[in-house]
Amino acid sequence: MATDGTTTTTSGNDGRQPDGSRGVVNISRQQFDNALAKYRGEGYADEALDLLEWFWGYTTNVLGRKRAALVDLLGYEWTVIFRVLTGSYPARIDEFLERLGKVQRKSSTSRPRYIETPVTKQFWDALDYCRDSGQMALLCGPTGTGKTHTAKTWQYENNHGRSLYVRCPSGTTRRQLVYQLAKANGIGVKHKKTGLLELALFDSIDHRKVIIVDEAGHALPRNARGSTSAIEFLRDLHDMTGCGIALIVTNVYWDEMRGGALSAYFEQFFGRMKYRVIVPADRVFVGEIKAICGAYLENPPKDFLKLAAEIAAEGDGRLRTLFEDLDRAAVFAKDEGKALSL
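Residues numbered from 1 in each chain as written. Predicted model: local features only at pLDDT ≥ 70, side-chain atom pairs only at ≥ 80, totals over all residues. Heavy atoms only, no water.

Caption draft 1: Up close: the sheet that holds strand β3 (residues 210–214). Spatially, the five strands line up as an open sheet ordered β2-β3-β4-β1-β5, and their pairing is parallel. In this open sheet, the two strands that pair with only one neighbour each are β2 (163–167) and β5 (273–278). Shown here is a sheet whose adjacent strand axes are inclined to one another by a mean of 15°, direction ignored. For strand β1 (residues 136–140) and strand β4 (residues 244–249), the ladder comprises five bridges, and the chain directions are parallel. (Pairing = 2+ DSSP bridges. Helix = DSSP H or I, 4+ residues; strand = E, 2+ residues; numbered from the N terminus. Axes fitted to C-alpha atoms, helices over the stretch in contact; angles between N-to-C directions.)

Below, the structure written as structure tokens:
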């Protein structure tokens, strides 16, 4: 028994969701938002509500909405978890929140490895700007500069429930973008029309949220006859909810936006982006090389840095290739019982 009188378990159980479904967290985003409103009305602090939002995002984006995973993680029967997330628990939830806080602190120890370089710091600062100002930002750079890894690490440290990350597949349509955003926000998408999903997003997103759209260039039209509907949805979402939005693109798309057939349209659209980080496509900065090598070897010698710079300058992988080579070299050196060296 838990100290608040609820039955607990540390493994899967045979309990059923009150609605009869099995295996998945069959709670709508609207139900959860209603629960947050109820708890706010009952005087729960903002920290408690943020923790519940983190839990919602963690459930959706990390645990894949698997009911058994939640039961194992928290040690509560599913009925208790269901009632807390829907606001139908018949007592105070302070002890549930205490246990949830321990889970959050434990999860922080599994943070993705992140190496700050002069460039990734600029990406990070742009995301902070989105969060703090509710504005739009552009993160642009060639493949391998750490845009995606920085964005995912930043999201990890900035509340899964309040920062949404989506990646646009090639040729992204408005429907695909809306679908991705709805899933990331824990909104059921099965058999839902695009219009209904859009309304659900407008209802569940507010000025406290940050939306990170990776490979946003895939949602942009490639010629004058292409549709701007997907990117216009993001503009509307920002304008109507006040949420921060960060678009991540590669240089080729940035160049098309400035000089392509739709440059006039994009000039108007990106004019609202007050924070832009544009990393040149043909440069690897010395500070990047030093920061990355310094994460693997204390005070790396000049010859080591020179070789690293040569690796980073070759091919399309750039710094990603350097990371991969250093990782392999570090593993090999450890297996051999030797220090990493040239």
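Okay, back to it.
Caption draft 2: Structural view of the nonpolar core. With 39 residues, the main nonpolar core has Leu181, Ile211, Val213 and Leu247 as its most contacted residues. If we skip the residues at most four places from it in the chain, Ile211 touches Leu164, Leu181, Ile205, Leu237, Cys243, Gly244, Ile245 and Ala246. Val25, Tyr44, Leu49 and Leu74 belong to the second largest nonpolar core, which has 32 residues in total. (Core = buried A, V, L, I, M, F, W, Y, C linked by side-chain atoms within 4.5 Å. Buried < 20%, exposed > 50% of the residue type's maximum accessible area, 1.4 Å probe, protein only. Contact = heavy atoms within 4.5 Å.)

Caption draft 3: Structural detail: the packing of aromatic side chains. What the rule picks out here adds up to nine aromatic pairs. A ring pair is formed by Trp54 and Tyr58, whose centres lie 4.8 Å apart and whose planes are at 25°; its orientation type is stacked. Of the two residues, Trp54 and Tyr58 are both situated in helix α2 (residues 46–61); the distance of four residues between them amounts to about one turn of the helix. Geometrically, the ring pair formed by Trp78 and Phe82 is edge-to-face, given 6.0 Å between the ring centres and 65° between the ring planes. One end of the pair, Trp78, and the other, Phe82, are both in helix α4 (residues 78–86), four residues apart, so they sit about a helical turn from each other. (Phe/Tyr/Trp six-rings, centres within 6.5 Å; stacked < 30°, edge-to-face > 60°.)

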